[in-house]
Structures are given as structure tokens and as C-alpha cells.
Amino acid sequence: CIREKNDKITDIYSAGYLPYSGSPAVRDVFYMARSARVPLATFNLSSENRRIAKKFDGKLFRISTPFKDFDAGNKDFINFCVGYFTKRHGPLLMPEERLKTILNSGLITHIVSYHKENMPTAYVFEVSDKNTSHFWYSFYDLSLVRQSLGMWLMLDSVRHAQKNGEDYFYAGTVYGEKALYKTAFEGIEYWNGREWVADKKHLKKLGRSDSERVVNLV
């Protein structure tokens, strides 16, 4: 999908597309994927959501800054984000060049930062309008990874989107077992290539069997 001048982000996401960020030469291109979303009108915390909420609620200070007002070129910020991906996923997935491509994409509407004792603990890249929020990327202090900070960041974003009266929260893709934590959200739907499906059991089955459909191109 190529986003044109008058296209609405809400319409693009609702058709099963997510932003492509693999090349600095490509702009306003979206790809169809097994995207997942949470309908916010009926969203309620699950028991797992409540368990995660107790770990960090009230312990981190949240600031949502419009992207135009955020210093995205700050070296400490860049190093924090690149360092997170390097340690968590290896150096190839998010080198500084790709991070800057994402920051310069024109899609990010807000940078959400979390602080503890005036020290940055996490950042979230958000694409949003009055109807939709997309949790695009998150970066956080890896000393807290075993406490499920990553899941809490997404949960916190879901709650804020609901509070703002939005219709849907987009959680990215669900491929592989590592992404199945997103199924902790009640009512989650996934795009099957034709329509949105609210079948969590089948979504888990797909995620657990994705390794059987992977082709190694190396």
C-alpha cells in the first residue's frame, strides 16, 4: 500500500497494513501482515494484564511528546534506542541508519518516554490519530526485561488509547511464539489477509507453528 496525500492512517491500518521501514529510500509504503489489534470499546483488563500492571503502575513517570516537539536527534536518545536493539536482538536489526529512517518517516506522531528518578527507562514510538493508535516500536532498560516491562509498556499504551476515546489499538504483528504475549489482551483480533478475526485460540496455533513455514534465505 502506498499512502497518498489524503489517505487516512486509520483506513490503512484497518485494511491490514503496517508501515514498512526496511530501506531509507522507501517512504509512505505499508505492507500487509498478520497484524493484531485490540478493540477499545469493549477492552477490559485480563487477569494477566492485572498481574503485569501491578509491577509498574505508579512507579514510572510517563510523558507523551508530539514528535515535532521532541529532540529526536539527541545523541543520548539515539544511543539508548540503538543500544537496546543491539543487546536484545543483535546489531543487524536496528542500526543507527535504520532508526533514523524510522524517525524521519513522517509517521510517528508522539514519542512516549518513561522515567524513574529523572532517568530514562523506556521510549515508545506511537502513530496515532483520533481513532487509532499504533505501538510501533519500544525501547527500554533491559535490566527490567524479566519483570515484563515490555508487556507493561504496551498495556499502558492500550489504556491511554482507550482513555482518549480511540477505537482500536494496533499492536504490530503476531509471528512466532515470542509474539504470543500480545494474546494476553482480551478481544484481540488479527488480520488473516481478508478480514479481522477474533479467534485467539487459532492465533496462538498460528504463532506456535510459524517456524514450520519459515524459509532460510541465507
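Just so you know, these numbers come straight off a predicted model, no measurement behind them. (Residues numbered from 1 in each chain as written. Predicted model: local features only at pLDDT ≥ 70, side-chain atom pairs only at ≥ 80, totals over all residues. Heavy atoms only, no water.)

1. Examining the overall build of the chain
1) Next: Helices and strands together make up the secondary structure of the chain, namely six helices and ten strands.
2) Next: For the chain, the C-alpha radius of gyration of 17 Å lies close to 17 Å, the compact-globule estimate for 218 residues.
3) Next: Each of the three principal axes of the chain carries a C-alpha extent, and together these read 45 × 45 × 40 Å.
4) Next: Out of the 218 residues belonging to the chain, those deemed buried represent 46%.
5) Next: Counting contacts in the chain only where the partners sit at least 6 residues apart, residues at least 24 apart contribute 65% of the total.
6) Next: If you sum the accessible surface of the chain, you get close to 12,100 Å²; carbon and sulfur atoms cover 50% of it.
7) Next: Averaging the coordinates of the 32 positive side-chain charges in the chain and doing the same for the 25 negative ones gives two points 5 Å apart. (Helix = DSSP H or I, 4+ residues; strand = E, 2+ residues; numbered from the N terminus. Rg over C-alpha atoms; globule rule 2.2 N^0.38 Å. Buried < 20%, exposed > 50% of the residue type's maximum accessible area, 1.4 Å probe, protein only. Contact = heavy atoms within 4.5 Å. Areas by Shrake-Rupley, 256 points an atom, 1.4 Å probe, with all protein chains shown as cover. Lys, Arg positive; Asp, Glu negative; His and termini not counted. Charge placed at Lys NZ, Arg CZ, Asp CG, Glu CD.)

2. Observations concerning a nonpolar patch on the surface
1) Next: Side chains of Tyr-20, Val-26 and Tyr-31 sit close together on the surface and give an oily, nonpolar patch of about 240 Å² of accessible area.
2) Next: Its place among the elements puts Tyr-20 in the loop between β1 (17–19) and β2 (30–32). (Patch = residues over 30% accessible without salt bridge, like charges linked within 9 Å, V, L, I, M, F, W, Y side chains within 5 Å. Salt bridge = Lys/Arg side-chain N within 4 Å of Asp/Glu carboxyl O.)

3. Some words on the pairing of strand β3 (residues 35–39)
1) Next: Where burial is concerned, most of β3 is hidden: five out of the five residues are buried.
2) Next: Of the two faces of β3, both are covered, the one formed by Ser-35, Arg-37 and Pro-39 as well as the one formed by Ala-36 and Val-38.
3) Next: In the sheet, β3 pairs with strand β8 (residues 168–173) via five bridges, with the strands oriented antiparallel. Bridging from a neighbouring strand, Arg-37 pairs with Tyr-170 of β8.
4) Next: In this structure, β3 lies alongside strand β9 (residues 189–191), joined through two bridges in antiparallel fashion. For Ala-36, the partnering residue across the bridge sits in β9 and is Tyr-190. (Pairing = 2+ DSSP bridges.)

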